[in-house]
Amino acid sequence: MELLKLEHIFLSYHTPGGETPALQDVSFSLEQGEFAAIVGPSGCGKSTILNLIDRLLPPESGNIFIEGKPLADSHLNIGYMLQKDHLFEWRTIYSNVLLGLEIQHKLTPENRARVEDMLEAYGLAPFRNARPSELSGGMRQRAALIRTLALDPALLLLDEPFSALDYQTRLHVADDIGQIIRRERKTALLVTHDISEAISMADRVIILSPRPARVRRIVPVSLSIPERTPMRSREAPEFKTYFNLIWKELNSHEGD
């Protein structure tokens, strides 16, 4: 079933200095349970697309549909995970992961039990009373994901959530979070500058042109490895072929 559809989206930013086109006729869709990644040159509008889907910006023209309904008419919960974890130091990890439920007045026994289960399943139960500064960057990102998942979003938007981590930690955290999202059977859209990250995590990679962004190409990713995880994906024989294909697509249009 099609969960998300963007149809002929246009957007420009307006300032006293003039108009800057950001998105030009962007169209793509996500199926229920699919994990897609968006890659493109810096400043091309990748995060802008997430902001449109999360209703933080309206498109100038075009339509966004959730489960076939216009975005404005949909009540489906959308989770948004940012580059920074935004955990509050004055709250424990447990109270941080409950924050979204608290704000939305959804601190039911069932939701509390679900948070407890996720803390246990994803290795954070022993740190429930710790402060964020006592955790590693990877553990903090896991806590941020649990906080997002606690609201049971139908769609997860991930805006470079690993970019603040060092390379080795980034690999492990991407592997952790990728597996968690698959286990929770969430539909996800990841924005990243990292081609390897996109291939290792996604079912499809959406390649954008330089600004104003257009969809250059959508690459389905099929890797011949059993029990695929982000870390194992990097060992697949097809991985290098996908990397070279996406690299060439991105770099052959740098002057556009």
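Residues numbered from 1 in each chain as written. Predicted model: local features only at pLDDT ≥ 70, side-chain atom pairs only at ≥ 80, totals over all residues. Heavy atoms only, no water.

- As recorded by an unreviewed UniProt entry, the protein carries the name ABC transporter ATP-binding protein and is attributed to Candidatus Scatomonas pullistercoris.

## Things to note about the overall build of the protein
- Looking only at helices and strands, one finds 9 helices and 10 strands in the protein.
- Against the globule reference of 18 Å for 256 residues, the protein gives a C-alpha radius of gyration of 19 Å, in line with a compact fold.
- Taken over the C-alpha atoms alone, the protein extends approximately 50 × 45 × 40 Å along its principal axes.
- Counting across all 256 residues of the protein, residues that qualify as buried make up 50%.
- Put simply, the protein shows about 12200 Å² of open surface, and 52% of that area lies on carbon and sulfur atoms. (Helix = DSSP H or I, 4+ residues; strand = E, 2+ residues; numbered from the N terminus. Rg over C-alpha atoms; globule rule 2.2 N^0.38 Å. Buried < 20%, exposed > 50% of the residue type's maximum accessible area, 1.4 Å probe, protein only. Areas by Shrake-Rupley, 256 points an atom, 1.4 Å probe, with all protein chains shown as cover.)

## Observations regarding the sheet that holds strand S10 (residues 215-220)
- With respect to topology, 6 strands assemble into an open sheet ordered S6-S7-S8-S3-S9-S10, the strand pairing being mixed. Because the sheet does not close on itself, it has two edges, and the strands there are strand S6 (78-81) and S10. Across the sheet, the axes of successive neighbouring strands diverge by a mean angle of 15°, strand direction being ignored.
- With 5 bridges joining them, strand S9 (residues 204-208) and S10 adopt antiparallel strand pairing. Within S10, the position partnered with arginine 204 by the bridge is proline 220.
- Contacting strand S3 (35-39), S6, strand S7 (155-159), strand S8 (187-191) and S9, helix H1 (residues 46-53) crosses the sheet at an angle of about 150° to S7. (Pairing = 2+ DSSP bridges. Axes fitted to C-alpha atoms, helices over the stretch in contact; angles between N-to-C directions. Contact = heavy atoms within 4.5 Å.)

## Examining helix H4 (residues 109-121)
- With 13 residues, H4 should reach 18 Å at 1.5 Å per residue; the first-to-last C-alpha distance of 18 Å fits that figure.
- Every buried residue of H4 is listed here: Val115, Met118 and Leu119. When H4 is viewed along its axis, its buried side chains cluster within an angular range of 100° and face the same direction. Exposed residues lying more than 90 degrees from the buried face of H4 are Pro109, Glu110, Asp117, Glu120 and Ala121.
- On its buried side, H4 packs onto helix H2 (93-97), helix H3 (99-103) and helix H5 (137-149).
- Just downstream of H4, glycine 123 is the residue with a positive phi angle, here 80°. (Expected span 1.5 Å × (residues − 1). Arc of directions from axis to C-beta.)

## So, the UniProt feature "domain: ABC transporter" (unreviewed entry) in the protein
- UniProt annotation of "domain: ABC transporter" (unreviewed entry) refers to residues 4-235 when read in the numbering used here.
- When the span residues 4-235 is considered, its composition is 31% helix and 28% strand, and the gap between its end C-alpha atoms is 31 Å. (UniProt positions renumbered as here; feature names shortened; annotations may be inferred.)

## Quick word on the pattern of salt bridges
- Applying the stated rule across the entire model yields 12 salt bridges.
- Taking the shortest distance from any N to any O, the salt bridge between aspartate 152 and lysine 186 comes out at 2.7 Å. Of this pair, aspartate 152 sits in the loop between H5 and S7 while lysine 186 sits in the loop between helix H6 (167-183) and S8, placing them 34 residues apart in sequence.
- Judged by relative accessible area, which is 46%, aspartate 152 ranks as partly exposed.
- Look at lysine 186 and you get buried, because its relative accessible area is 10%.
- Across the salt bridge formed by aspartate 203 and arginine 182, the nearest N and O atoms sit 3.2 Å from each other. Of this pair, aspartate 203 sits in the loop between helix H7 (195-201) and S9 while arginine 182 is found in helix H6, placing the two residues 21 residues apart along the sequence. (Salt bridge = Lys/Arg side-chain N within 4 Å of Asp/Glu carboxyl O.)

## Structural notes on the packing of H5 against H6
- Where H5 meets H6, the closest approach of the two axes is 10 Å, and the angle between their N-to-C directions is 20°. Regarding the angle of H5 to H6, the classification is roughly parallel. Relative to H6, H5 is oriented so that their crossing is right-handed. Note on element contacts: H6 touches H5 through Thr169, Val173, Asp176, Ile177, Ile180 and Ile181, opposite Gly138, Gln141, Arg142, Leu145 and Leu149.
- Grouping the amino acids of the contact of H5 with H6 by side-chain chemistry returns 6 nonpolar, 3 polar and 2 charged. (Parallel < 35°, antiparallel > 145°, perpendicular 65-115°, else oblique. Left-handed = near helix turned anticlockwise from the far one by under 90°. Nonpolar A, V, L, I, M, F, W, Y, C, P; charged D, E, K, R; others polar.)

## Considering the environment of threonine 48
- When you line up the elements, threonine 48 lands in helix H1.
- Counting along the chain gives 33 residues from threonine 48 to threonine 15, while the straight-line C-alpha distance between them is 16 Å.
- When near neighbours in sequence (up to four residues on either side) are disregarded, threonine 48 contacts Leu11, Tyr13, Leu23 and Leu57.

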